[in-house]
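Spelled out from the first residue to the last, the chains are:
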Amino acid sequence: MAYSKPNFKEKYGNFINGKFVAPINGQYFENTSPIDNSLIAKYPRSQKEDVELAVDAANAAKEAWGNTSVVERATLLNKVADIIEENLEELALVETCDNGKPIRETLAADVPLAVDHWRYFAAVIRAEEGSATEIDANTVSLIIKEPLGVIGQIIPWNFPLLMLSWKLPPALAAGNCVVLKPAEQTPSSATLLMEKIADVFPPGVVNVIHGFGPEAGKPLASSPKIDKVAFTGETTTGQLIMQYASKNLNPVSMELGGKSPNIFFNSVMDEDDAFLDKAIEGAVLFAFNQGEVCTCPSRILVQEDIYDKFMERVIARTEAIVQDDPYDVKTMVGAQASNDQQEKILSYIKIGKEEGAKVLIGGASCKLSGDLANGYYIQPTILEGHNNMRIFQEEIFGPVVCVTKFKDEAEAIEIANDTLYGLGAGVWTRDAHQLYQIPRAIKAGRVWVNCYHVYPAHAPFGGYKKSGFGRENHLMMMNHYRQTKNMLISYDKNKLGFF
Amino acid sequence: MKFERVAITDRAIEIVRQLKEKHGDLIFHQSGGCCDGSAPMIFEEGDMYLDDSDILLGQLEGVNYYMNQDQFEYWKHTHLTVDITEGRGSSFSLEIPLGLRFIIHSRLLTDKENEILN
């Protein structure tokens, strides 16, 4: 079954104070689909003044919203989840059109996972409690969590609706108002969602502004009228946002990518069974979402005594990947998100070859026919080399994986940790000791053990090292969006005795 | 003969000149990580806090090109050429509103270059 490009209006507005409004200076930018480079619609090219409007609306709404009951907030979050679920197919189609990822993924992963995150945070705030401690017979310490106020959120283009759904629910559940800026490559699903949920929250609680990083993102991140910035992206922008936040002494949370190792110990090939089949798929998950995932398992480490046999199976599975029209439900790998991403990926494959990496499969762009010839496609690619090569150290953000061998556990751990980043890792083994000891030795925030690319709400996700800090998808994220109020209460009738 | 770690294409120079006219003095900083990472970014001088951990790789059209020290350790055996392409990044890099993105093409340093530079 194949879908086709959805219909869009000619242009869209910013969602500020519960209404769609045109940008103040009347300027728009054209947003295109990476599937065939065709025009989707025009979106506001917002400037500082538009950001101010949104920030002011959020500030005006924060007092009342921060004082709503948890029942009320949970009910509204659940309402959003229901609306996303009711419009699953429409949102999936828009997401595929805007990002280039296959409809199979948006229908089965992006949108259902988004629903799950809204429901999770609706549930969390009904179940969690503050605390009270009796410090001595007459002194009680009460801990009450209070919202920060207004949150600025800047999200990337690789999972537009899902990243929105990682960011908005915990901030709103904690009682904050939000100004969110989607990536300029993918403004569509956030806009469609705002159309669907326009009346759910009081005006000003959720605001979405579009525009370019230097013109709209920077004024948002540096606004003295916000109380925190949450960012997912890359390291240089992360550093800049932290700098701007430091001027306002604002907290930040950062998710900045990785170069995740996916480690296969020899016991995976002890049997030719369902688990081996799962492990082979686990290696091929480098091509999931065209490799445009911050946790892309982009380094495969295979124990040397199974290397040839294992890689033969991985290459065969990679060969079987269907790369075609993203609107076709049979398609497994779609388009890269933009022309510059495609060029960047090709330049990495080139330097990889120069450094001596061997192309085991792929290694070039993928030419599709008809309108798709104008889109940005890269063949799933496996490069064999060693960990000092740049392709093993930098996030390529494409369906490109680098594979190398290791001798023993010590060498596997050494290679796995020889990276600037520490976001994700995978460990595959049938050995009960390795199942615990290897993940503990890896310096990364999420280690998938005998699985990969699973992102349920309720499992904290975030980075070590240059991959950032903060833990999303879990109730602990709520504390990144809250203050701690301590009420220290004395029940003693007598004075201290100093004066 | 001059040995350099970084170079720039003529069409990229044109964009750098255009941006200098609008924004004044500029710097390049090589990003790492997710999404729009692994790409050069251009900012107004003074916007980004730089210190000893930022290595100066060279100067292109009067614009200093920096990279963080620990990233440099993995990159120092390669030569970088800054180019420009159509595209839409989502960082704070100043060329983005033009519908353009700076990108880099890399090659290995020659043995002679390696000897002099590293």
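Residues numbered from 1 in each chain as written. Chains lettered and ligands numbered in written order. Predicted model: local features only at pLDDT ≥ 70, side-chain atom pairs only at ≥ 80, totals over all residues.

Draft legend 1. Quick peek at the overall build of chain A. On a plain count of helices and strands, chain A comes out with 14 helices and 22 strands. Against the 2.2 N^0.38 benchmark of 23 Å for 499 residues, chain A shows a C-alpha radius of gyration of 24 Å, consistent with a compact globule. Over its C-alpha atoms, taken along the principal directions, chain A stretches across nearly 80 × 60 × 40 Å. Sorting the 499 residues of chain A into buried and exposed places 56% on the buried side. In chain A, once contacts between residues fewer than 6 apart in sequence are set aside, the share between residues at least 24 apart is 72%. (Helix = DSSP H or I, 4+ residues; strand = E, 2+ residues; numbered from the N terminus. Rg over C-alpha atoms; globule rule 2.2 N^0.38 Å. Buried ≥ 20, exposed ≤ 12 C-beta atoms within 10 Å, placed from the backbone. Contact = placed C-beta atoms within 7 Å.)

Draft legend 2. Spotlight on the overall build of chain B. For chain B, the count of helices and strands is 3 helices and 7 strands. The N-to-C order of helical and strand elements in chain B reads β-α-β-β-β-β-α-β-β-α. Taken over C-alpha atoms, the radius of gyration comes to 14 Å for chain B, in line with the 13 Å a tight globule of 118 residues would show. With the C-alpha coordinates of chain B rotated into their principal frame, the extents come out at 40 × 30 × 25 Å. Counting over 118 residues, chain B shows a buried share of 47%. When contacts within chain B are restricted to residue pairs at least 6 apart in sequence, long-range pairs at least 24 apart make up 57% of them.

Draft legend 3. Summary view of the environment of E394 of chain A. Along the chain, the position of E394 of chain A falls in the loop between α12 (390–393) and β16 (400–406). By C-beta crowding, E394 of chain A is classed as buried, having 25 other C-beta atoms within 10 Å. Separated by 135 residues in sequence, E394 of chain A and K259 of chain A have C-alpha atoms that sit 6.6 Å apart. Non-local contacts of E394 of chain A, meaning those with residues more than four positions away in its chain, are made with K259 of chain A together with G32 and S38 of chain B.

Draft legend 4. Inspection of the sheet that holds strand β1 (residues 6–8) of chain B at higher detail. Pairing is mixed in the open sheet, where 3 strands are placed in the order β1-β6-β7 (chain B). A strand with exactly one partner marks an edge of an open sheet, and here the two such strands are β1 and β7 (100–108) of chain B. Within this sheet the neighbouring strands show an average axis-to-axis angle of 25 degrees, counted without direction. As paired elements, strand β6 (residues 78–86) of chain B and β7 of chain B share 9 bridges and run antiparallel to each other. Residue pairing for β7 of chain B: D83 of chain B is matched across the bridge by I103 of chain B. On top of the sheet, helix α11 (residues 339–354) of chain A reaches β6 and β7 of chain B; it is set at about 5 degrees to β7 of chain B, its chief contact. Lying on the sheet, helix α1 (residues 10–23) of chain B is in contact with β1, β6 and β7 of chain B; it crosses β6 of chain B at an angle near 70 degrees. (Pairing = 2+ DSSP bridges. Axes fitted to C-alpha atoms, helices over the stretch in contact; angles between N-to-C directions.)

Draft legend 5. Region of interest: the pairing of strand β13 (residues 299–303) of chain A. Residue and element names in this part refer to chain A. Where burial is concerned, most of β13 is hidden: 5 out of the 5 residues are buried. Residues of β13 alternate between two faces, with R299, L301 and Q303 on one and I300 and V302 on the opposite face, all of them buried. Where strand β12 (residues 261–264) and β13 come together, 4 bridges link them in parallel fashion. Looking across to β13, one finds that P261 is bridged to R299. Following the chain from β12 across helix α9 (residues 274–284) to the adjacent parallel β13, one finds a crossover that is right-handed. Across 5 bridges, β13 lies against β16 in parallel orientation. When the sheet's bridge partners are listed, Q303 is paired in β16 with F406. (Right-handed = clockwise from strand over helix to strand, strands pointing away.)

Draft legend 6. Representation of the sheet that holds strand β2 (residues 26–30) of chain B within the structure. All names here are of chain B. Taken in spatial order, the 4 strands of this open sheet run β3-β2-β5-β4, and their pairing is mixed. The sheet is open, and its two edges are formed by β3 (40–44) and β4 (54–60), each paired on a single side. Each strand of the sheet is rotated relative to its neighbour by a mean of 30 degrees, with strand direction disregarded. Pairing analysis gives 6 bridges linking β4 to strand β5 (residues 63–68), with the strands arranged antiparallel. Across the sheet, residue G58 finds its bridge partner in β5, namely Y65. Across the sheet, α1 touches β2, β3, β4 and β5, and the angle it forms with β2 is around 125 degrees.

Draft legend 7. How the structure looks around the packing of helix α3 (residues 88–99) of chain A against helix α6 (residues 188–197) of chain A. Residues and elements named next belong to chain A. Running from amino to carboxyl end, α3 crosses α6 at an angle of 155 degrees, the nearest separation of the two axes being 8 Å. Judged by the angle between their axes, α3 and α6 are roughly antiparallel. The way α3 lies across α6 gives a crossing that is right-handed. Contacts between α3 and α6 involve L91, V94, E95 and D98 from the former and S188, S189, L192 and L193 from the latter. Among the residues making up the contact of α3 with α6, the classes are represented as 4 nonpolar, 2 polar and 2 charged. (Parallel < 35°, antiparallel > 145°, perpendicular 65-115°, else oblique. Left-handed = near helix turned anticlockwise from the far one by under 90°. Nonpolar A, V, L, I, M, F, W, Y, C, P; charged D, E, K, R; others polar.)

Draft legend 8. Highlighting the interface of chain A and chain B. With 40 residues of chain A at the interface, the matching set in chain B holds 37 residues. Elements with a contribution of two residues or more to the side of chain A that touches chain B: α7 (213–222), α8 (235–247), α11 and α12 of chain A. Here the element with the most residues in the side of chain A that touches chain B is α11 of chain A; it accounts for 7 residues. Here the side of chain A that touches chain B is composed, by residue class, of 12 nonpolar, 15 polar and 13 charged.

Draft legend 9. Inspection of the packing of helix α5 (residues 160–173) of chain A against α6 of chain A at higher detail. Residues and elements named next belong to chain A. Where α5 contacts α6, the axes come no closer than 8 Å and their chain directions differ by 60 degrees. The orientation of α5 relative to α6 falls into the category oblique. The chirality of how α5 crosses α6 is right-handed. In this structure, α5 contributes P160, L161 and L164 to the contact, and α6 contributes S189, A190 and L193. In the contact of α5 with α6, the residues fall into 5 nonpolar, 1 polar and no charged.

Draft legend 10. How the structure looks around the confidence of the model for chain B. Mean pLDDT over chain B: 93, with 99% of residues reaching 70 or higher. Reported for the predicted complex are a pTM of 0.97 and an ipTM of 0.95. (pLDDT = per-residue confidence, 0-100.)

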